[in-house]
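Fold and contact review
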Amino acid sequence: MDRYAVIGHPIGHSKSPLIHTWFAQATEQALTYTAIEAPLDGFAATVDAFRAAGGRGVNVTLPFKIEACAYADEVSERARLAGAANALAFDGTRCRAENFDGVGLARDITVNLGHPVAGRRVLMLGAGGAARGALQPLLQAAPTLLLVANRSTDKAAALVASFHAQGWGHGVLRAAGLDELVDAGRFDIVVNATSASLADQALPLPPQIFGPDTLAYDMVYGQGLTPFLRQAQQAGAGRLADGIGMLVEQAAEAFAWWRGVRPDTAAVIQRLATPLT
Ligand code: ATR
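Note that the structure is predicted; figures quoted are calculated from it, not measured.

The subject of this paragraph is the site of the ligand. Taken together, 15 residues form the shell around the ligand, and within it Ala127, Asn150, Arg151, Ser152 and Gln201 come nearest. In the environment of the ligand, an oxygen atom lies 3.0 Å from a nitrogen or oxygen atom belonging to the backbone of glycine 129. In the environment of the ligand, an oxygen atom lies 3.0 Å from a nitrogen or oxygen atom belonging to the backbone of alanine 130. Burial of the ligand by the protein chains amounts to 72% of its free accessible area of 640 Å².

Below, the structure is given as structure tokens:
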């Protein structure tokens, strides 16, 4: 049996073993997928040991996504732009790195939730690793505006400037401070990529960014109605979503990359979804 795993610290919360085991059953692929907790200073050694034991690939989660990029021999353009990898594949002595988080988000929004990005105004809240990883796939979906708004405006400006310098997002990708959103108008899609929901904190958001056709998307999952989603709901956002679909879609992308067969995601998302109340 081919062996795969997710590596992180901590790792107990990970749903990846469950998701990939369901995918393997549904597609009749002979593989095992386990969770491995690496010591904080032992990511590379843990991956080396897994490869030596016959491992074919791993997913990588916090806090090792940046290190995973450095570990690989070959890094895809989107992993490079994301500055992080969430999947590694081992072919003989070579290690390839990919990042499927952003494509998972874009696919969940456009395919599963049926909310077009093309020609729409998209607001990305946050300028940390989670936001950075989502930018290239969202730009590929051709919005008219992708505004990165962050508490610290400088960080958003630096992130946008680095994309522009690499030839991405000219005329579409812009930066702002959260305090500038009051004049920014209404958005078709608002994605929360800050870590505020994890700390149960609300963001200072003006209600007029949301409208009846707005999709409010929180990248966290399993937390029910987060402060961000509650704000959006109270401001009249027409549609709310959490990040469970993104999680399952990035897993399906990794599975297809490793195995050459893309599993169906709808049933898995349904099994893992928690009510947004
Ligand atoms: P991650 O890798 O998960 O994105 P990160 O790199 O630590 O985590 O980034 C966290 C993001 O959440 C940042 O954009 C941060 O804003 P600052 O850059 O201004 O610090 C944002 N964030 C976290 N808590 C926040 C809060 N209470 N209000 C507004 N923004 C918050």
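That covers the picture; the talk isn't over yet.
When the terminal C-alpha atoms of helix 9 (residues 244–259) are compared, their 22 Å separation across 16 residues agrees well with the 22 Å that a helix rising 1.5 Å per residue should span. Of all 16 residues in helix 9, 13 are buried; the element is thus mostly enclosed. Note on helix 9: the residue one or two positions beyond its end, glycine 260, has a positive phi of about 75°.

Further remarks concern the sheet that holds strand 6 (residues 94–98). Spatial strand order, 2-1-3-5-6-4: six strands in an open sheet with mixed pairing. Edge positions in the open sheet fall to strand 2 (31–37) and strand 4 (74–75), since each of these has one partner strand only. Here helix 9 sits on the sheet in contact with strand 1 (2–8), strand 2, strand 3 (55–60), strand 5 (87–91) and strand 6, set at roughly 10° to strand 5.

Let us now look at unusual backbone geometry. Geometrically, the link from histidine 9 to proline 10 is a cis peptide bond, its omega value of 0° lying close to zero. Tracing the backbone shows proline 10 in the loop between strand 1 and helix 1 (16–27). In the segment running from leucine 62 into proline 63, the intervening peptide bond is cis, with an omega of 0°. Residue placement: proline 63 occurs in the loop between strand 3 and helix 3 (65–71). Phi at alanine 142 takes a positive value of approximately 65°, unusual for a residue other than glycine. Mapped onto the secondary structure, alanine 142 falls in the loop between helix 6 (129–140) and strand 8 (145–150). Accessibility expressed as a relative area gives 43% for alanine 142, which makes it partly exposed. Phi is positive for aspartate 200, close to 60°, though the residue is something other than glycine. Residue position: aspartate 200 is located in the loop between strand 10 (189–192) and strand 11 (215–218). Judged by its relative accessible area of 59%, aspartate 200 is exposed.

To continue, consider the environment of proline 17. Positionally, proline 17 belongs in helix 1. In the structure, proline 17 is positioned 37 residues away from glycine 54 in sequence and 18 Å away in space, judged by C-alpha atoms. In contact with proline 17, not counting residues within four places along its chain, are Val6, Tyr33, Thr34 and Ala35.

Considered domain by domain, the chain is made up of domain 1 (2–99 + 245–272) and domain 2 (109–242). The C-alpha centroid of domain 2 is placed 26 Å from the C-alpha centroid of domain 1. On the side of domain 2, 11 residues touch domain 1, which itself brings 13 residues to the contact. Summed over both sides, the interface between domain 1 and domain 2 buries roughly 1000 Å², with carbon and sulfur atoms accounting for 52% of that surface. Summed over the three residues of domain 1 that lose the most area to domain 2, namely Leu81, Ala82 and Met246, the buried surface amounts to 49% of that side. Counting the contacts that link domain 1 with domain 2 gives zero salt bridges. The interface formed by domain 1 and domain 2 holds six residue pairs in polar contact (both at pLDDT 80 or more) in total. For the side of domain 1 that touches domain 2, the element with the most residues is helix 4 (residues 77–82), which contributes five residues. Across the side of domain 1 that touches domain 2, the residue classes tally to five nonpolar, three polar and five charged.

Definitions and limits used
- Residues numbered from 1 in each chain as written.
- Predicted model: local features only at pLDDT ≥ 70, side-chain atom pairs only at ≥ 80, totals over all residues.
- Heavy atoms only, no water.
- Near = heavy atom within 4 Å.
- Polar contact = N/O pair within 3.5 Å; in protein donor to acceptor, adjacent residues only side chain to side chain.
- Areas by Shrake-Rupley, 256 points an atom, 1.4 Å probe, with all protein chains shown as cover.
- Helix = DSSP H or I, 4+ residues; strand = E, 2+ residues; numbered from the N terminus.
- Expected span 1.5 Å × (residues − 1).
- Buried < 20%, exposed > 50% of the residue type's maximum accessible area, 1.4 Å probe, protein only.
- Pairing = 2+ DSSP bridges.
- Contact = heavy atoms within 4.5 Å.
- Axes fitted to C-alpha atoms, helices over the stretch in contact; angles between N-to-C directions.
- Domains from an automatic or database assignment.
- Buried area = accessible area lost by both parts, 1.4 Å probe.
- Salt bridge = Lys/Arg side-chain N within 4 Å of Asp/Glu carboxyl O.
- Nonpolar A, V, L, I, M, F, W, Y, C, P; charged D, E, K, R; others polar.

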